[in-house]
Number of protein chains: 2
Amino acid sequence: MERKLITGAVLVEDGEARGTRADLLMEGGLIAAIFRGGAPEGIDAARFNATECAILPGLVNGHLHAHSNLAKGMGDRWTLEMSLTNAPWISGVRSLDEIYASAAIGAAEMLLKGCTAAYDMCLEFPLPTIEGVDAVARAYDDVGMRATIAPMASDQPFLGAVPGLRDHLVGEGVEGLPQMSSEGPEGLLARFRALAQGWRWPSEKIRFGLGPAIPFICSDAFLTGVRDLSAEFGIGIHTHVSESKVQTVVSGESFGETITAKLHRLGLLGPRFTAAHGVWLDGDDMRRMADTGANVIHNPASNFRLGSGVADVRAFLDAGVHVGLGTDGASCADGLNMFEAMRLATHASRVFGAPVDSWIGAREALQAATTGSARALGFGDSIGVLREGSAADIVILDLRAPHYTPMNDLSAQIVYAEDGTGVRDVFVGGRCVVRERRLTTIDYDRLRRQTQAAADRLHGANAQTRARLQHAARLAEAYCRCFISRETPARRYICE
Amino acid sequence: MERKLITGAVLVEDGEARGTRADLLMEGGLIAAIFRGGAPEGIDAARFNATECAILPGLVNGHLHAHSNLAKGMGDRWTLEMSLTNAPWISGVRSLDEIYASAAIGAAEMLLKGCTAAYDMCLEFPLPTIEGVDAVARAYDDVGMRATIAPMASDQPFLGAVPGLRDHLVGEGVEGLPQMSSEGPEGLLARFRALAQGWRWPSEKIRFGLGPAIPFICSDAFLTGVRDLSAEFGIGIHTHVSESKVQTVVSGESFGETITAKLHRLGLLGPRFTAAHGVWLDGDDMRRMADTGANVIHNPASNFRLGSGVADVRAFLDAGVHVGLGTDGASCADGLNMFEAMRLATHASRVFGAPVDSWIGAREALQAATTGSARALGFGDSIGVLREGSAADIVILDLRAPHYTPMNDLSAQIVYAEDGTGVRDVFVGGRCVVRERRLTTIDYDRLRRQTQAAADRLHGANAQTRARLQHAARLAEAYCRCFISRETPARRYICE
């Protein structure tokens with residue numbers, strides 16, 4: 001592969017208010033050398049001018065859903081429970097091309113906004129298929145992004161998991177509609193096994209993971225099967241843990257233990273385990289996560305937008321939990337902007353009324369969005385850092401942008417002020433995938449047309465289901481509020 | 001003035017999921033006509049192609065500080081009280097050129113990010129001058145933005161207003177440093193009068209306003225003098241009200257009434273009165289604001305970043321308060337992005353644990369950021385709307401951006417997903433001030449160099465003051481925490 005030398009930039013390095021002047025040599029997809037102060041004369045490499053720019057490691061989105069990319073802007077005022085009730089029409093009856101388009105437009109957006117790898121819990125409705133998951137993988141590969149893809153599945157319906165909810169909604173349009181999965185644990189585990197065995201993508205680019213959707217709608221048989229597959233194939237488990245208060249209360253009342261205690265007891269927690277959200281984890285839960293080396297992905301945009309409560313990331317860090325950062329799906333973090341996710345992580349930490357030392361600072365947010373998420377994806381420390389030998393996944397930020405003028409503190413200005421308008425170029429594995437704010441890898445206008453056409457067709461195809469469920473979702477929300485009024489050890493709302 | 005016809009776009013209009021196809025004619029700085037469905041043949045006007053674009057009214061930033069634009073990225077973990085203690089080195093010893101550059105870089109950024117008018121509480125340290133305020137006005141005019149400029153002043157020092165704080169910090173570096181103002185009320189009022197009388201800018205472009213900094217550091221004599229000047233000249237009053245819990249508790253204990261009750265008793269509240277923040281307003285305070293027709297500017301980014309607490313905007317709206325939206329200064333909303341401010345307004349409303357009907361939705365956020373703020377600035381309904389006869393202050397959004405693909409709900413996608421990367425062109429009063437993401441009005445690279453040079457010089461000139469105050473600021477914060485632990489009628493933190 002061609003050698004490329006990025007010249008004239010500064011590296012985002014801790015301790016240097018304005019970054020460190022350096023040239024960066026890429027070869028074979030890796031960072032071959034970093035020349036602090038400037039490269040020596042005579043290096044045989046193609047030059048890439050980055051004067052008045054900063055070099056940031058590509059950001060890593062620790063949690064999103066490829067299928068949600070068609071739902072952006074929907075559900076102005078939806079809780080998670082409303083979103084789950086509405087799922088059949090949001091994600092129903094997609095063709096493989098539509099599954100591909102939904103994943104590809106999200107990958108395109110993430111790259112354009114400085115994110116080079118993602119942990120994707122894609123949903124195929126009602127069941128994950130080899131072809132569907134492969135379409136998602138192909139989308140990431142075509143657009144030029146790294147990903148770990150964990151298809152989402154569960155063997156129990158959401159409406160049945162909340163005591164009394166299904167009965168409450170009978171007569172309101174929920175009868176006879178397809179649920180997210182319609183197979184028992186054996187069938188789902190067989191699908192996961194087939195996917196793991198047949199995986200055709202190289203693990204340094206596109207990895208496979210296991211996505212038990214939400215533990216409170218997964219049987220013990222399914223969860224332990226997932227645990228065994230994870231060990232057998234050495235692959236990650238990604239699930240939603242204690243995202244909403246409703247789930248947390250219901251799980252505690254149904255199982256007589258917290259969901260994390262149950263996952264621990266069943267042997268799922270460990271370095272390959274990644275919990276998305278963790279808003280309602282209590283102190284004991286956090287210790288279980290920390291003791292086993294599990295990862296938590298903080299999704300502040302989603303937690304704010306869905307009113308799920310505010311995760312206590314300082315408590316995670318104090319407990320020793322590995323923390324990454326994500327946007328969540330485009331239905332609740334509509335713009336998939338990891339710069340904003342970092343900023344929101346600092347914001348979320350400051351609404352508890354606690355002393356400033358407990359607030360998440362700019363450097364902690366940056367770390368969560370790079371090395372923190374990279375670990376959760378299973379990429380270890382091969383991405384998310386600027387170091388000789390690590391992957392050449394690099395974002396070039398234009399320091400001529402007004403939010404870098406004047407330059408006071410490069411790291412802080414990236415976290416507090418970058419909104420995506422400063423992203424000029426992006427490299428993944430040394431390949432220039434975004435050049436002057438345009439994708440080099442795909443025909444973007446063609447993808448746009450495909451994506452809009454998919455959304456338009458699905459809007460019609462799911463119209464009847466939509467009409468039946470929108471009212472039911474509001475009733476579900478009102479019903480679920482009785483669980484929100486319960487007392488829990490964790491406090492994550494202002495007016496509890 | 002030239003007639004211009006914007007063609008091929010959609011208007012952001014409520015009730016239309018994908019906007020309304022329309023051409024828009026501008027003449028004499030106003031919207032001369034809106035042709036829904038397309039303009040008739042033969043209109044004599046220069047064509048401006050906006051195919052695959054949306055037309056949004058220019059956003060209005062209801063609260064910021066021109067001087068803060070040199071401080072972006074500073075104060076990673078600062079409360080408001082730390083920021084106030086540090087003020088002398090952040091804003092000290094500026095030349096007129098430096099005051100100009102600080103205002104101009106902020107105006108440049110706001111225009112590039114779709115904001116066409118702002119309410120600016122500029123600070124000149126230690127005292128406002130005619131030349132300094134004029135430099136700020138000139139900056140907005142040169143860059144091509146509308147503004148209401150309310151120079152900030154107070155006749156009492158912050159350190160003296162918090163009981164015991166100054167004594168606590170004696171020996172810690174605060175002695176002998178200049179305070180924000182060093183004049184009694186008569187002197188300050190004379191300065192304000194001179195500014196109002198000598199105002200040379202047309203009121204439809206750059207207006208003058210009165211900026212008593214924070215009521216708890218303003219004497220009754222100063223406040224009532226401001227009230228009288230406001231009535232005499234028909235100009236706005238802009239101040240910070242109940243921004244932090246410290247201020248709110250101290251004001252209550254010092255005055256025996258809330259700050260809003262005091263302002264009401266002194267006769268300041270009314271349609272020309274604008275309170276920034278209002279985080280800690282209680283129900284009676286909100287009624288006072290509503291009954292008098294006063295405005296509140298919500299600044300969610302700043303409130304999050306400074307840990308000031310979460311304002312209850314639904315309660316404002318229920319009480320009938322006029323609500324606008326702002327970023328606050330670049331030291332606490334570093335990127336001055338009004339799209340993000342709208343999104344954060346929806347986020348902030350959802351951390352109370354209240355039912356979805358109480359959440360701020362996309363359309364309410366959009367309204368606050370346009371007509372809500374416009375009213376506070378004193379521009380009434382002449383800006384912030386797309387209507388024949390209103391000002392041609394217009395933002396062209398590129399709907400090819402991935403966050404508009406697919407298009408499901410234009411208003412919601414603007415609020416939940418636009419980060420500034422979709423802003424293509426901006427018009428103010430029919431003049432194209434941003435064309436293809438570049439300013440047409442000024443030499444931006446020259447302004448950048450000026451701004452960086454100003455920051456560099458000031459960094460040196462204020463180094464000693466900085467060294468003395470940074471430690472004192474931390475002590476001030478620790479001291480002020482005793483006020484944060486008090487009980488107040490309003491709850492705005494999770495762990496109170």
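As the structure is a computational prediction, the values presented were derived from the model and not from experiment. (Residues numbered from 1 in each chain as written. Chains lettered and ligands numbered in written order. Predicted model: local features only at pLDDT ≥ 70, side-chain atom pairs only at ≥ 80, totals over all residues. Heavy atoms only, no water.)

1. Describing the packing of helix α1 (residues 80-91) of chain B against helix α17 (residues 463-484) of chain B
Two packed helices can be described by the angle between their axes and the distance between those axes.
Residues and elements named next belong to chain B.
Okay, so step 1: In the contact formed by α1 and α17, the axes pass within 8 Å of each other and the chain directions differ by 165 degrees. By the angle between their axes, α1 is roughly antiparallel relative to α17. Viewed along their axes, α1 and α17 form a crossing whose handedness is right-handed. Residues E81, M82, T85, N86, P88 and W89 of α1 form the contact with α17, whose participating residues are T465, R466, L469, Q470, A472, A473, R474, A476, E477 and C480.
Okay, so step 2: Class assignment for the residues of the contact of α1 with α17 results in 8 nonpolar, 4 polar and 4 charged. (Axes fitted to C-alpha atoms, helices over the stretch in contact; angles between N-to-C directions. Helix = DSSP H or I, 4+ residues; strand = E, 2+ residues; numbered from the N terminus. Parallel < 35°, antiparallel > 145°, perpendicular 65-115°, else oblique. Left-handed = near helix turned anticlockwise from the far one by under 90°. Contact = heavy atoms within 4.5 Å. Nonpolar A, V, L, I, M, F, W, Y, C, P; charged D, E, K, R; others polar.)

2. Section: the packing of aromatic side chains
All names here are of chain B.
Okay, so step 1: All told, the structure shown has 15 aromatic pairs over all chains when counted by the stated rule.
Okay, so step 2: Their ring planes at 85 degrees and their centres at 6.0 Å tell us that W78 and W89 sit as a pair that is edge-to-face. Here W89 lies in helix α1 and W78 lies in the loop between β6 (59-64) and α1, a separation of 11 residues in the sequence.
Okay, so step 3: In this structure W78 comes out as buried when scored by relative accessible area, which is 13%.
Okay, so step 4: A cation sits over an aromatic face here: K262 above F255, 3.7 Å from the ring centre. (Phe/Tyr/Trp six-rings, centres within 6.5 Å; stacked < 30°, edge-to-face > 60°. Buried < 20%, exposed > 50% of the residue type's maximum accessible area, 1.4 Å probe, protein only. Lys NZ or Arg CZ within 6 Å of the ring centre and 35° of its normal.)

3. Concerning helix α16 (residues 444-461) of chain B
Residues and elements named next belong to chain B.
Okay, so step 1: Between its first and last C-alpha atoms α16 spans 25 Å; for 18 residues at 1.5 Å apiece the expected length is 26 Å, and the two agree.
Okay, so step 2: The set of residues buried in α16 consists of Y444, L447, R448, T451, Q452, A454, A455 and L458. For α16, the buried positions fall inside an angular range of 155 degrees around the axis, keeping them on one side.
Okay, so step 3: Looking at the packing, one finds that the buried side of α16 touches α2 (96-112) and β18 (438-439). (Expected span 1.5 Å × (residues − 1). Arc of directions from axis to C-beta.)

4. Observations regarding the domain arrangement of chain A
All names here are of chain A.
Okay, so step 1: Taken domain by domain, chain A holds domain 1 (4-57 + 386-439) and domain 2 (59-377).
Okay, so step 2: Here the C-alpha centre of domain 2 lies 31 Å away from the C-alpha centre of domain 1.
Okay, so step 3: Taken together, the 29 residues of domain 1 in the interface contact 24 residues of domain 2.
Okay, so step 4: Both sides of the domain 1 and domain 2 interface together cover about 2000 Å² of buried area, and 62% of this is carbon and sulfur.
Okay, so step 5: The largest share of the area that domain 1 buries against domain 2 comes from V415, Y416 and L439, three residues that together contribute 30% of it.
Okay, so step 6: For the pair domain 1 and domain 2, the number of links is 3 salt bridges.
Okay, so step 7: Two residues, R363 and D14, come together in a salt bridge whose shortest N-O distance is 2.5 Å.
Okay, so step 8: Seen at the junction of domain 1 and domain 2, the total is 8 residue pairs in polar contact (both at pLDDT 80 or more).
Okay, so step 9: Of all the secondary structure elements, the ones that give two or more residues to the side of domain 1 that touches domain 2 are β5 (53-57), β15 (394-398), α15 (410-417), β16 (423-428), β17 (431-435) and β18 (438-439).
Okay, so step 10: At 6 residues, α15 tops the list of elements feeding residues into the side of domain 1 that touches domain 2.
Okay, so step 11: Residues belonging to the side of domain 1 that touches domain 2 are distributed by class as follows: 18 nonpolar, 3 polar and 8 charged. (Domains from an automatic or database assignment. Buried area = accessible area lost by both parts, 1.4 Å probe. Salt bridge = Lys/Arg side-chain N within 4 Å of Asp/Glu carboxyl O. Polar contact = N/O pair within 3.5 Å; in protein donor to acceptor, adjacent residues only side chain to side chain.)

5. Some points on the interface of chain A and chain B
Okay, so step 1: On the side of chain B, 80 residues touch chain A, which itself brings 80 residues to the contact.
Okay, so step 2: Roughly 6600 Å² of surface becomes buried between chain A and chain B when both sides are summed, with 53% attributable to carbon and sulfur atoms.
Okay, so step 3: Looking only at chain A, the three residues that lose the most surface to chain B are R77, R400 and I494 of chain A, adding up to 11% of its buried area.
Okay, so step 4: Summed over the shared surface of chain A and chain B, the result is 14 salt bridges.
Okay, so step 5: D445 of chain B serves as the salt-bridge partner of R400 of chain A, at 2.9 Å between the closest nitrogen and oxygen.

6. Observations concerning the nonpolar core
Residue and element names in this part refer to chain A.
Okay, so step 1: Residues Y140, I149, F273, M342 and I414 are the most contacted members of the largest nonpolar core, which totals 142 residues.
Okay, so step 2: Examining the composition of this core, we find that 11 residues originate from one element, helix α2 (residues 96-112), more than from any other.
Okay, so step 3: Contact partners of M342, with chain neighbours within four places excluded, come to L59, L325, A365, L366, A369, I414 and V415. (Core = buried A, V, L, I, M, F, W, Y, C linked by side-chain atoms within 4.5 Å.)

7. Details of empty space enclosed by the protein
Okay, so step 1: Enumeration according to the criterion identifies 11 cavities of 30 Å³ or more in this entry.
Okay, so step 2: Quantified by volume, the largest cavity comes out at close to 540 Å³.
Okay, so step 3: Within the residue set of the lining of the largest cavity, elements represented by two or more residues are α1 (80-91) and α4 (158-161) of chain A.
Okay, so step 4: Within the lining of the largest cavity, the residues separate by chemical class into 22 nonpolar, 11 polar and 2 charged.
Okay, so step 5: Reported here for the second largest cavity is a volume of approximately 360 Å³.
Okay, so step 6: When residues of the lining of the second largest cavity are traced back to their parent elements, those giving at least two are α1 and α11 (300-305) of chain B.
Okay, so step 7: Residue contributions to the lining of the second largest cavity peak at 6 residues, all from α1 of chain B. (1 Å grid on protein atoms, 1.4 Å probe; cavity = no way out; pocket = protein on both sides within 12 Å on 5 of 7 lines; lining within 4 Å. Points joined across faces, edges and corners; volume = space filled by probe spheres on them.)

8. What about unusual backbone geometry?
Okay, so step 1: Residue P406 of chain A is reached from T405 of chain A by a cis peptide bond, and omega for that bond is 0 degrees.
Okay, so step 2: Tracing the sequence through the fold places P406 of chain A in the loop between β15 and α15.
Okay, so step 3: In the segment running from F125 of chain B into P126 of chain B, the intervening peptide bond is cis, with an omega of 5 degrees.
Okay, so step 4: Along the chain, the position of P126 of chain B falls in the loop between β7 (115-120) and α3 (130-143).

9. Quick notes on the relation of the copies chain A and chain B
Okay, so step 1: Under the fitted operation, chain A is carried onto chain B by 0.0 Å of movement along the axis and a turn of 180 degrees, and the coordinates agree to an RMSD of 0.0 Å. Overall, the copies show the geometry of a two-fold rotation axis. Of every C-alpha in chain A, the one belonging to I494 of chain A sits nearest the axis of rotation, 2.0 Å from it.
Okay, so step 2: Interface residue correspondence from chain A to chain B reaches 100%, placing this contact among same-surface, isologous pairings. (Least-squares fit on C-alpha atoms with pLDDT ≥ 70 in both.)

10. What to know about the pattern of salt bridges
Okay, so step 1: For the coordinates displayed, the defined rule picks out 69 salt bridges over all chains.
Okay, so step 2: With a closest N to O distance of 4.0 Å, D76 of chain B and R350 of chain A form a salt bridge. Taken together, the residues span two chains, with D76 of chain B in the loop between β6 and α1 and R350 of chain A in the loop between α13 (338-348) and α14 (362-377).
Okay, so step 3: Among the residues examined, D76 of chain B registers a relative accessible area of 22% and is labelled partly exposed.
Okay, so step 4: A residue is classified by how much of its surface remains accessible, and R350 of chain A, at 1% relative accessible area, is buried.
Okay, so step 5: Linking R305 of chain B and D334 of chain B is a salt bridge whose minimum nitrogen-to-oxygen distance equals 2.9 Å. Here D334 of chain B lies in the loop between β14 (322-325) and α13 (338-348) and R305 of chain B lies in helix α11, a separation of 29 residues in the sequence.
Okay, so step 6: Among the residues examined, R305 of chain B registers a relative accessible area of 1% and is labelled buried.
Okay, so step 7: You can call D334 of chain B buried: its relative accessible area is 1%.
Okay, so step 8: When salt bridges with common partners are traced through the structure, they connect D445 and R448 of chain A together with E52, D398, R400 and R437 of chain B into a single cluster.

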